[in-house]
Amino acid sequence: AYIVWVMRTQDTLKADSPLWKVYGSVDSIKRCVSTSTKAEFFIAVIKARPEIIRRTMEVFFKECIRLFHTFTFYKFAASPSEEAKHKSGSQTFHNLFVMQDIEASLKKTPVLIVGVDGGGNNCRVSIETADGITLGSSCVKKPSHISLGDKTWSNIIQGIRNVIEPLGVSLSSGLELYGCFGLAGSSVPKYVNDFTANSCIKLFKSLSIAKDTEIAQAAAHNLKDGGIIIIGTGSAAFARYGGREYRSGGRGFPLSDGGSGAYIGLKAAKALIRVFDFEERRGELTEALSKAFNDEVTDLVEWGKRATPKEFSTLAPFVLKYYKDPVAQKILKQAAKKIEMLYRNIVDRMEREKGEEERKKVRTLQFALLGGLANKIMRYLPEDVLEVIRMPAYSPVKGAVLMAREEFEKNVNKVNLS
């Protein structure tokens, strides 16, 4: 279980993810842990005055430290410069408990493990030392698709600097960087070739470029066999099993990405068109959609001609809000069926390749649901699919760190063997 305690100056509490539970006091944290043997992480993100941070740390160490197997305690810097950086599109978190250990750790092994999760809206960077100390993470709020080349490199370098420079470390410190970048669009060889031709690659002793689905799977299952189903603006399924990789969907809207936000939005737009053409009666959903388009069919048609997948996905919240509406119910069930098929396509292919004993294992292979619509669609999935759904172990950027560390350890083993 992940327990997130988010403190602001006024001690108000928020959760960054519906999958994470929030507990607002030391007593309630202790009660939670006493009822669960699975609590392994305590993550605190604090934006508060130094005296509040110190008091919180004292209480935590005194009351809660023995309740968790492992924990990380993060601070979001509240200095004016950091506030300005946050507002300009960057968030940085540092591990408070390792500040004094960083210099000794880097002297021992001058290596940084760098994981990157780059997509259409953000570039997330997480950095660890060779001996597993998490230095911190940064989110640069700019598009970081691999096809953007130099711009994506700039975002990555900015994210790395956001983490290491406040700790007194620079990229010119003679460090060895081992990196794994999980970037959207990296399934296209031309994009990868152009991206790796950039001179910034010389900063890394080792760098692997992975697909965003690969780092998500590595994170969800801690580098072990298992699958993921992503339900966001787009949709896709990906699994690793027995040394092989399996994919389904994810080819891009509108030819693929069934069950996604864009798919749901398109279905909603089509439903509204049928209302405008008097083929169907208005309901709660189509009434709300009609108002969004000024009750003008021409506005809808012109918008539909130029709308991107992301823009189509902006209609999905209407469907979710009016989920009791018969049209919304139909759309959501259709979307769930598409997601179910992503899962079954992968499992069916695995079963065809395996013997009877292996087939039994395939049918119980764990899948993690990811993406902003995962929780919304999950309730419409059939029981046998729900039985194999689990929470992801980590966020995707941690998967990139795990894959980079795997490469680092291979290199260390090679040196030891030689």
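To be clear, the structure that these remarks concern was listed above.
Per-chain numbering applies: the sequence of each chain, read as written, is numbered from 1 onward. This being a predicted model, a pLDDT of at least 70 is required before a residue's local features are given, and a value of 80 or more before pairs of side-chain atoms are given or counted; all residues contribute to the totals for chains, interfaces and linings. The side-chain values count all of the structure's non-hydrogen atoms but skip hydrogen atoms and water molecules.

Focus on the packing of helix 8 (residues 261-276) against helix 13 (residues 326-353)
Part 1: As a packed pair, helix 8 and helix 13 sit with axes 10 Å apart at the nearest point and diverge in direction by 145°. The way helix 8 lies across helix 13 gives a crossing that is right-handed. Mapping the contact onto sequence places Y263, I264, K267, A268 and A271 in helix 8 and V327, I331, L332, Q334, A335 and K338 in helix 13.
Part 2: Across the contact of helix 8 with helix 13, the residue classes tally to eight nonpolar, one polar and two charged. Helix axes are fitted only over the stretch in contact, all axes being lines through C-alpha atoms; the angle between N-to-C directions runs from 0 to 180 degrees. Labels follow the DSSP assignment, with helices taken as runs of H or I lasting at least four residues and strands as runs of E lasting at least two, numbered in each case from the N terminus. Here a crossing is taken to be left-handed if its near helix is turned anticlockwise relative to the far helix by less than a right angle, and right-handed if that turn runs clockwise. Every residue pair with non-hydrogen atoms within 4.5 Å of one another is taken to be in contact. For this scheme, ten residues count as nonpolar: Ala, Val, Leu, Ile, Met, Phe, Trp, Tyr, Cys and Pro. Four count as charged, namely Asp, Glu, Lys and Arg, and the remainder, Gly too, count as polar.

Side note on the pattern of salt bridges
Oppositely charged side chains may form a pair once their charged atoms are brought near each other.
Part 1: Every case where a carboxyl oxygen of Asp or Glu lies within 4 Å of a side-chain nitrogen of Lys or Arg is listed as a salt bridge. Counted under the stated rule, the structure contains 20 salt bridges.
Part 2: For K190, the salt bridge goes to D194, with nearest N and O atoms at 2.8 Å. Here K190 and its partner D194 are both found in helix 6 (residues 189-196), four residues apart, which amounts to about one turn of the helix.
Part 3: Between E356 and R359 there is a salt bridge, and its shortest N-O distance comes to 3.4 Å. One end of the pair is E356 and the other is R359, both in helix 14 (residues 356-363) and three residues apart, which spans about a single turn.
Part 4: For each residue, the accessible area found with a 1.4 Å probe, counting protein chains only, is set against the maximum for its type, and the residue is called buried under 20%, exposed over 50%, and partly exposed in between. Of the residues examined, R359 reaches a relative accessible area of 28% and is grouped as partly exposed.
Part 5: Connected via shared salt-bridge partners are K211, E214, R240, E245 and R247.

Observations regarding the environment of R379
Part 1: Tracing the sequence through the fold places R379 in the loop between helix 15 (374-378) and helix 16 (383-386).
Part 2: Judged by its relative accessible area of 54%, R379 falls in the exposed class.
Part 3: Sequence separation between R379 and L332 is 47 residues; the distance between their C-alpha atoms is 9.8 Å.

A closer look at the pairing of strand 11 (residues 226-231)
Part 1: With five of six residues buried, strand 11 lies mostly within the body of the structure.
Part 2: In this description, strands pair whenever DSSP reports at least two bridges between them. Taken together, the six bridges between strand 11 and strand 12 (residues 235-241) define a ladder with antiparallel strand orientation. If you follow I228 over to strand 12, its bridge partner there is F238.
Part 3: Where strand 11 folds back on strand 12, the antiparallel hairpin that results is connected by three residues.

A closer look at the pairing of strand 8 (residues 134-140)
Part 1: In terms of burial, strand 8 is a largely internal element, six of the seven residues being buried.
Part 2: Taken together, the six bridges between strand 7 (residues 123-129) and strand 8 define a ladder with antiparallel strand orientation. Bridging across to strand 8, V125 finds its partner in S138.

Remarks on the packing of helix 8 against helix 10 (residues 297-306)
Part 1: Running from N to C, helix 8 and helix 10 cross one another at 150°; their axes reach a closest spacing of 10 Å. If you check the angle between helix 8 and helix 10, you find them roughly antiparallel. Of the two possible hands of crossing, helix 8 and helix 10 adopt the one that is left-handed. Residues A269, L272, I273 and F276 of helix 8 form the contact with helix 10, whose participating residues are V297, L300 and V301. In what follows, roughly perpendicular refers to angles from 65 to 115 degrees, roughly parallel to angles under 35, roughly antiparallel to angles over 145, and oblique to any angle outside these ranges.

Some remarks on the sheet that holds strand 14 (residues 367-370)
Part 1: The strand order 13-12-11-14-15 describes an open sheet built from five strands, whose pairing is mixed. With partners counted over all chains shown, the strands left at the sheet margins are strand 13 (244-249) and strand 15 (389-390), one partner each.
Part 2: Where strand 11 meets strand 14, four bridges bridge the pair, whose relative direction is parallel. Residue pairing in the sheet places I229 in a bridge with L369 of strand 14.
Part 3: Along the sheet, helix 13 contacts strand 11, strand 12, strand 13 and strand 14; its crossing angle with strand 13, the most-contacted strand, is approximately 145°.

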